[in-house]
Structures are given as C-alpha cells and as structure tokens.
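Listed below are the residues making up each chain.
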Amino acid sequence: MKILYFAWLRERLNRGSEEVDLPDSVVTVADLIDWLANRDEAFAHAVAKRSLIKSAVDAKLVPHETPIAGASVIAFFPPMTGG
C-alpha cells in the first residue's frame, strides 16, 4: 500500500510517500495510524494530536474509522485553511 504525506507532515517526516506491507490487524485508517506510530517515532510525534490529522483513502476524504481493505493509496495531511 502506498502512503502519502502532505504539507508539514511531509516536512517533519522528511518524506512524501512510502510503500508498506500491512499486517492483517490493520483494518481501518485509525489502525494504520497506530501501526505507523508504533514503528516510527517521527510519525508518532507528528500525529500526536490525531484528531487534527486528516486522511483520504484512494483520494476520498474519510474519517479515521474507515476500513482500508482494497485501498491502493492512503494520504495523511494536516488541517487546511482557505484563503
């Protein structure tokens, strides 16, 4: 699965994307966030306030409770403002 990072998440993690092989226990976006945080201290620090982190599954904005089975790309980004 491809994971994309945008805006200050990308900057803090020093990467815009990565490919991961997920364990069977990762079934929702929230599970993915937990799994990534457990394996990467920088990610854990960047998403410490998880309620602020937005997510998209295959380019569709979704809540963290969304299942990810069959998804190709998961994107994470901080809140956005208009202007």
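The coordinates are above.
What counts, and where the lines are drawn
Residues numbered from 1 in each chain as written. Predicted model: local features only at pLDDT ≥ 70, side-chain atom pairs only at ≥ 80, totals over all residues. Heavy atoms only, no water. Pairing = 2+ DSSP bridges. Helix = DSSP H or I, 4+ residues; strand = E, 2+ residues; numbered from the N terminus. Buried < 20%, exposed > 50% of the residue type's maximum accessible area, 1.4 Å probe, protein only. Core = buried A, V, L, I, M, F, W, Y, C linked by side-chain atoms within 4.5 Å. Contact = heavy atoms within 4.5 Å.

Structural notes on the pairing of strand β3 (residues 54-57)
Then, in step 1: Here β3 pairs with strand β5 (residues 73-77) via 4 bridges, running antiparallel. When the sheet's bridge partners are listed, K54 is paired in β5 with F77.
Then, in step 2: Alignment of β3 against strand β4 (residues 60-62), held across 3 bridges, turns out to be antiparallel. Looking at β4, one finds that A56 is bridged to L61.
Then, in step 3: Counted along the chain from β3 to the antiparallel partner β4, the turn is 2 residues long, and its residue D58 has a positive phi close to 45°.

A few points about unusual backbone geometry
Then, in step 1: A positive phi angle is found at A7, which is not glycine, with a value near 55°.
Then, in step 2: Inspection of the secondary structure assignment puts A7 in helix α1 (residues 7-13).
Then, in step 3: Phi is positive for A59, which is not a glycine, with a value near 70°.
Then, in step 4: Among the structural elements, A59 can be located in the loop between β3 and β4.
Then, in step 5: In this structure A59 comes out as exposed when scored by relative accessible area, which is 80%.

What about the nonpolar core?
Then, in step 1: Residues I3, Y5, L32, F43, I68, I74 and F76 are the most contacted members of the largest nonpolar core, which totals 21 residues.
Then, in step 2: Going through the elements one at a time, β1 (2-5), α1, α2 (29-39), α3 (41-46) and β5 are the ones with two or more residues in this core.
Then, in step 3: Here this core gets 5 residues from one element, more than from any other, and that element is α2.
Then, in step 4: Those residues in contact with I68 that lie beyond four places of it in its chain are M1, L22, V26, V27, T28, V29, L32, V57 and I74.

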